[in-house]
Amino acid sequence: MAAANATKISWRLQEFEAHSSSVSCLALGKNSGRLLATGGEDCRVNIWAVSKANCIMSLTGHKSPVECVQFNTSEEQVVAGSQSGSIRVWDLEAAKILRTLMGHKSNITSLGFHPFGDLLASSSMDTNIKLWDVRRKGYVFRVKGHTQAVRSLAFSPDGRWLASASDDSTIKLWDLAQGKTITEFKSHTAAVNIVQFHPNEYLLGRCRYSKHVYSVLCAFFSPDGGCLFSGATDTLRVFGWEPDRCFDTVPVGWGKVSDLAVCNQQLIGVSHQLSSVSSYVVDLKRVKKSGGSPKDPRGAALRKSYARPSTTCSSQRVKQRSESERRSPEGERRSPSEDEGDEKLSSAEIHNPEDFKEIFQPKNAISRTPPKMSEPFPAPPEDVCNFKAPPRIKLKTTSMFVPQPSANSRPAALSDEDELSQIKKGHATMCVMLSSRRKNLETVRMAWAREDAKNALDIAVSMSDLSIVVDILNILNLQPSLWKLDLCTTVLPQIDKLLQSKYESYMQTGCTSLKLIMKHFWTLISDTLRATPSVGVDITREERHLKCRTCCKQLKNLSNIVKNKASQVGRHGSAFKELQLLMAPLDDAV
């Protein structure tokens with residue numbers, strides 16, 4: 001068996017139910033690679049030891065779904081941000097709430113601890129970035145500049161800078177001592193969802209999300225800074241630079257991986273689906289992490305290395321605002337009684353005392369012997385890890401395939417032929433449906449090739465099959481350059497149907513299309529409707545004005561739908577809240 005295990009590059013470590021409802025976020029402890037925090041729509045944060053299916057600790061206090069979670073550098077604290085904009089910090093060693101921080105107006109999208117001190121950075125759908133002093137319970141300052149939701153935050157290893165990535169396709173670098181932007185990177189064509197600092201040199205890694213190419217879901221520099229690990233759907237890639245190149249590609253069955261960490265020459269990847277969490281291991285000894293040709297020495301010679309401070313960093317290293325600025329009107333100031341009341345409602349329930357004591361309590365004890373090193377995760381036998389487990393599907397026999405016998409009759413055993421016949425009935429129906437859909441799509445494709453996207457979409461709408469419309473929009477959403485104002489007039493009524501559909505994928509497509517229209521066409525629509533009427537007859541302008549007025553009316557109707565759905569709990573509510581913020585200018589529309 002040892003010989004068999006030596007041949008494995010990747011395998012699934014475990015799968016377990018993490019929450020009573022859907023898991024919305026998770027994070028690995030980067031220091032050990034052995035600690036996992038999960039946040040759920042049940043408003044809880046659960047702490048786990050990687051490879052163990054029993055929850056160590058459950059942290060409560062949030063009143064809305066947890067949207068973001070993160071460990072500090074030493075893994076002694078964990079912070080979680082909620083859909084309502086509240087932030088809570090727990091002390092894991094003491095098993096108690098440490099701080100409750102209020103101030104954001106919308107979903108928390110990213111959190112990050114300062115590498116040395118007690119500072120915490122947070123970002124939100126409200127486009128603001130805030131800096132907090134966790135120990136002193138203080139709001140330090142706010143930085144503004146992004147025009148859309150901020151998706152990722154990262155402190156530089158020396159603690160002097162903060163990088164932020166946003167849906168507005170930019171990355172901003174902030175000087176914490178001055179409280180202002182150092183530089184801005186704009187050479188992106190899509191939303192940037194990940195930003196990472198190199199551990200040693202002045203290098204910044206960024207990743208963007210795109211549905212039609214290799215889409216990076218998470219990234220992590222190797223501890224020695226020699227390469228960048230990039231996690232995508234069922235794939236790990238290892239990148240280098242100077243020159244830019246991919247060293248290795250490893251297939252891993254982790255689905256949409258959410259976070260990565262490195263421990264004992266193994267890369268740990270974790271993903272979540274519904275209420276379950278899965279962890280995977282990649283043996284880095286069998287992964288290529290460097291190229292045959294040497295790096296270009298000129299780049300490294302021009303860059304500096306971070307100068308680590310000799311003493312612990314504190315909030316005094318960061319620009320301080322006046323007392324009046326700290327007490328801003330956005331809700332940063334709260335009375336002590338309010339905070340104490342919130343913190344009394346928060347708790348840390350220890351479910352596994354043995355693991356809790358083993359992981360957190362030894363840090364308070366002095367040992368005369370070196371700490372015991374954790375062993376690498378062992379690979380399973382060859383015959384159980386060379387395939388990706390199919391998703392678990394629950395079938396109701398009362399409505400599918402095999403009829404349920406009545407209570408008064410004894411269950412009759414069906415032969416293999418009878419069971420196969422029952423299955424084929426459903427299969428035949430599905431084949432007819434898919435054949436019809438393929439035929440319709442072929443008609444639309446021919447219309448698109450012969451004329452344009454607008455004509456193809458008109459034909460798709462005339463077929464009275466919303467699935468065809470969804471297929472076309474999924475293509476158009478990836479190519480904003482194909483959109484024109486007259487296309488919007490056709491799409492908007494269909495978005496109305498999609499947002500009220502019972503299918504999650506339909507709602508997601510509708511949200512994406514609506515976001516694209518608001519981002520690329522609202523300024524044109526608004527300016528056209530506010531413009532002073534021209535003198536004389538201008539047919540082109542009058543046609544554009546009519547289209548803009550039609551679009552504005554449809555957008556106002558959609559805005560009401562979005563507002564109603566923004567109150568929903570969970571992932572859908574989060575998406576509709578983002579749209580609500582984006583559609584706020586409609587309230588002032590003519």
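Rules used throughout
- Residues numbered from 1 in each chain as written.
- Predicted model: local features only at pLDDT ≥ 70, side-chain atom pairs only at ≥ 80, totals over all residues.
- Heavy atoms only, no water.
- UniProt positions renumbered as here; feature names shortened; annotations may be inferred.
- Axes fitted to C-alpha atoms, helices over the stretch in contact; angles between N-to-C directions.
- Helix = DSSP H or I, 4+ residues; strand = E, 2+ residues; numbered from the N terminus.
- Left-handed = near helix turned anticlockwise from the far one by under 90°.
- Contact = heavy atoms within 4.5 Å.
- Nonpolar A, V, L, I, M, F, W, Y, C, P; charged D, E, K, R; others polar.
- Phe/Tyr/Trp six-rings, centres within 6.5 Å; stacked < 30°, edge-to-face > 60°.
- Buried < 20%, exposed > 50% of the residue type's maximum accessible area, 1.4 Å probe, protein only.
- Lys NZ or Arg CZ within 6 Å of the ring centre and 35° of its normal.
- Salt bridge = Lys/Arg side-chain N within 4 Å of Asp/Glu carboxyl O.

Per an unreviewed UniProt entry, the chain goes by Katanin p80 WD40 repeat-containing subunit B1 and derives from Scophthalmus maximus. What UniProt states about the chain under its Subunit (unreviewed entry) heading is, verbatim, "Interacts with KATNA1. This interaction enhances the microtubule binding and severing activity of KATNA1 and also targets this activity to the centrosome." What the UniProt record of the chain gives under Sequence similarities (unreviewed entry) is the line "Belongs to the WD repeat KATNB1 family."

A. Representation of the packing of helix 9 (residues 485-499) against helix 10 (residues 504-530) within the structure. The contact between helix 9 and helix 10 brings their axes to 9 Å, and the two run at 145 degrees. Along this stretch, helix 9 crosses helix 10, giving a crossing that reads as left-handed. Residues L485, C488, V491, L492, I495, L498 and L499 of helix 9 form the contact with helix 10, whose participating residues are Y506, M507, T509, G510, C511, S513, L514, I517, F521, L524 and I525. Taken together, the residues of the contact of helix 9 with helix 10 break down into 15 nonpolar, three polar and no charged.

B. Just the packing of aromatic side chains, in detail. The tally for this structure, following the rule as stated, stands at five aromatic pairs. Here the aromatic rings of W132 and Y139 are separated by 5.6 Å at their centres, their planes lie at 65 degrees, and the arrangement is edge-to-face. An identical accessibility class is assigned to W132 and Y139; each is buried. Over the aromatic face of F377 sits the side chain of R34, whose NZ or CZ is 3.9 Å from the ring centroid.

C. Fine view of the pattern of salt bridges. The tally for this structure, following the rule as stated, stands at 16 salt bridges. Residues R12 and E15 are paired through a salt bridge, measuring 3.0 Å at the closest nitrogen-oxygen approach. Owing to a relative accessible area of 37%, R12 belongs among the partly exposed residues under this scheme. With its nearest N and O atoms 3.2 Å apart, the salt bridge here joins K563 to D587. Taken as a pair, K563 in helix 11 (residues 539-565) and D587 in the segment after helix 12 (571-582) lie far apart in primary sequence, 24 residues in all. Residue classification places D587 among the exposed positions, given a relative accessible area of 52%.

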